Amino acid sequence: MNDWIAIGALALVGLLIPLGMMAVSYLLRPSVPETSKRATYESGEVPTGGTRIRFNIQYYMVALLFLVFDIETVLLFPWAVVYLDAVESDAVSLFEILAPMVAFVVILLIGLAWAWRNGAVQWAQTTGQVETEGNRS
């Protein structure tokens, strides 16, 4: 049997099982439309006010920066492990080994400098910043 036929069959099964489960659950679920089902439930307390809360964008920026630099670590560790073997084998030059990773780290440093300059990594304002913002208004 051709390997691509097996991969296609596995992909088809991987799609049909979740779609079939969703179809069966849609057909078997009870349908009782009530407005109380759409209310926000928080530990048995009656909700007051709106459910939309404004979050500080700083949390999302820190999460995004964490992901970027976490992925950097995930890419640097395997490269460092393979680096010694690549240097010992004379098949590739030192430039061919180092250039892609140096370019990668330089791009990340440029991104960090940009985030730092735009204040994405700054949590608290210093007294000088608070005074200058107070003078603006």
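The structure reproduced in this document is the subject of the present report. No experiment lies behind these values; they were computed from the predicted model shown. Throughout this description, residue numbers start from 1 for each chain and increase along the sequence as written. Totals for whole chains, interfaces and linings use all residues, but because this is a predicted model, local features are given only for residues with pLDDT of at least 70 and pairs of side-chain atoms are given and counted only at 80 or more. Neither water nor hydrogens contribute to the side-chain values; these are computed over all heavy atoms in the structure.

Counting from the N terminus, the helices are the DSSP runs of H or I reaching at least four residues and the strands are the DSSP runs of E reaching at least two. Of the regular secondary structure elements, the chain holds four helices and zero strands. Starting at the N terminus and walking to the C terminus, you meet the elements of the chain as α-α-α-α. Only protein chains enter the calculation, and the probe is 1.4 Å; a residue is then buried if its accessible area is under 20% of its type maximum, exposed if over 50%, and partly exposed in between. Per-residue burial over the chain gives 7% buried out of 137 residues. Contacts are residue-level and defined by heavy atoms, with any inter-residue pair within 4.5 Å sufficient. Look at the contacts in the chain between residues 6 or more apart in sequence, and 59% of them connect residues 24 or more apart.

The next subject is helix α3 (residues 94-117). Residue count minus one, scaled by 1.5 Å, sets the expected span of a helix. For α3, with 24 residues, the first-to-last C-alpha span of 34 Å sits near the 34 Å given by 1.5 Å per residue. When α3 is considered as a whole, its buried residues turn out to be I97, M101, L108 and A115. If you follow the buried residues of α3, they end up packed against α2 (57-88). The positive-phi residue at the C-terminal boundary of α3 is G119, with phi of around 85°.

Moving on, we get to the side chain of E72. In this fold, E72 is placed in helix α2. Counting rule for charge: Lys and Arg are taken as positive, Asp and Glu as negative, and neither His nor the chain ends is counted. The working definition used for a salt bridge is a side-chain nitrogen of Lys or Arg within 4 Å of a carboxyl oxygen of Asp or Glu. R117 provides the closest opposite charge to the buried, unpaired E72, separated from it by 21 Å. Discounting chain neighbours no more than four positions away, the residues touching E72 are F104, V105 and L108.

For the rest of this paragraph, the subject is α2. The α-helix winds at 3.6 residues per turn, so residues separated by three or four positions along the chain end up facing the same way. Here α2 is 32 residues long and its end C-alpha atoms lie 47 Å apart, about the 46 Å a rise of 1.5 Å per residue gives. Take the seven residues that end at a residue and the seven that start at it, fit an axis to each, and the angle between those axes is the bend at that residue. Along α2, the sharpest change in direction is near 30° and occurs at V82. Here α2 has its buried residues at Q58, L65, E72 and A86. Residues of α2 that are buried make contact with α3.

What follows is about the packing of α2 against α3. Contact geometry for α2 and α3: axes closest at 11 Å, N-to-C directions at 165°. The angle between α2 and α3 places the two elements in the roughly antiparallel class. Note that α2 runs across α3; the crossing there is left-handed. Counted together, L65, V68, F69, E72, L75, L76, W79, Y83, A86 and V87 of α2 and L94, I97, L98, M101, F104, V105, L108, L112 and A115 of α3 form the full contact between these two elements. Of the residues assigned to the contact of α2 with α3, the class counts are 18 nonpolar, no polar and one charged. Lines fitted to C-alpha atoms define the axes, with helix axes restricted to the stretch in contact, and inter-axis angles between N-to-C directions lie between 0 and 180 degrees. Every angle not falling under 35 degrees, over 145, or within 65 to 115 is termed oblique; those three ranges are roughly parallel, roughly antiparallel and roughly perpendicular. Each crossing gets its handedness from the near helix: less than a right angle anticlockwise from the far helix is left-handed, clockwise is right-handed. Basically, the charged four are Asp, Glu, Lys and Arg, the nonpolar ten are Ala, Val, Leu, Ile, Met, Phe, Trp, Tyr, Cys and Pro, and anything else, Gly included, counts as polar.

What follows deals with a nonpolar patch on the surface. A patch consists of residues whose relative accessible area exceeds 30% and which take part in no salt bridge; residues with like charges are grouped when within 9 Å of each other, and nonpolar side chains (Val, Leu, Ile, Met, Phe, Trp, Tyr) when within 5 Å. In these tables, accessible area is a Shrake-Rupley quantity obtained with a 1.4 Å probe, and a residue counts as shielded only by the protein chains included in the view. A grouping of I53, F55, I57, Y59 and Y60 is seen on the molecular surface, where their side chains present a nonpolar patch of about 630 Å² in accessible area. With respect to the secondary-structure elements, Y59 resides in helix α2.

Any link to function would need more than the numbers given here.
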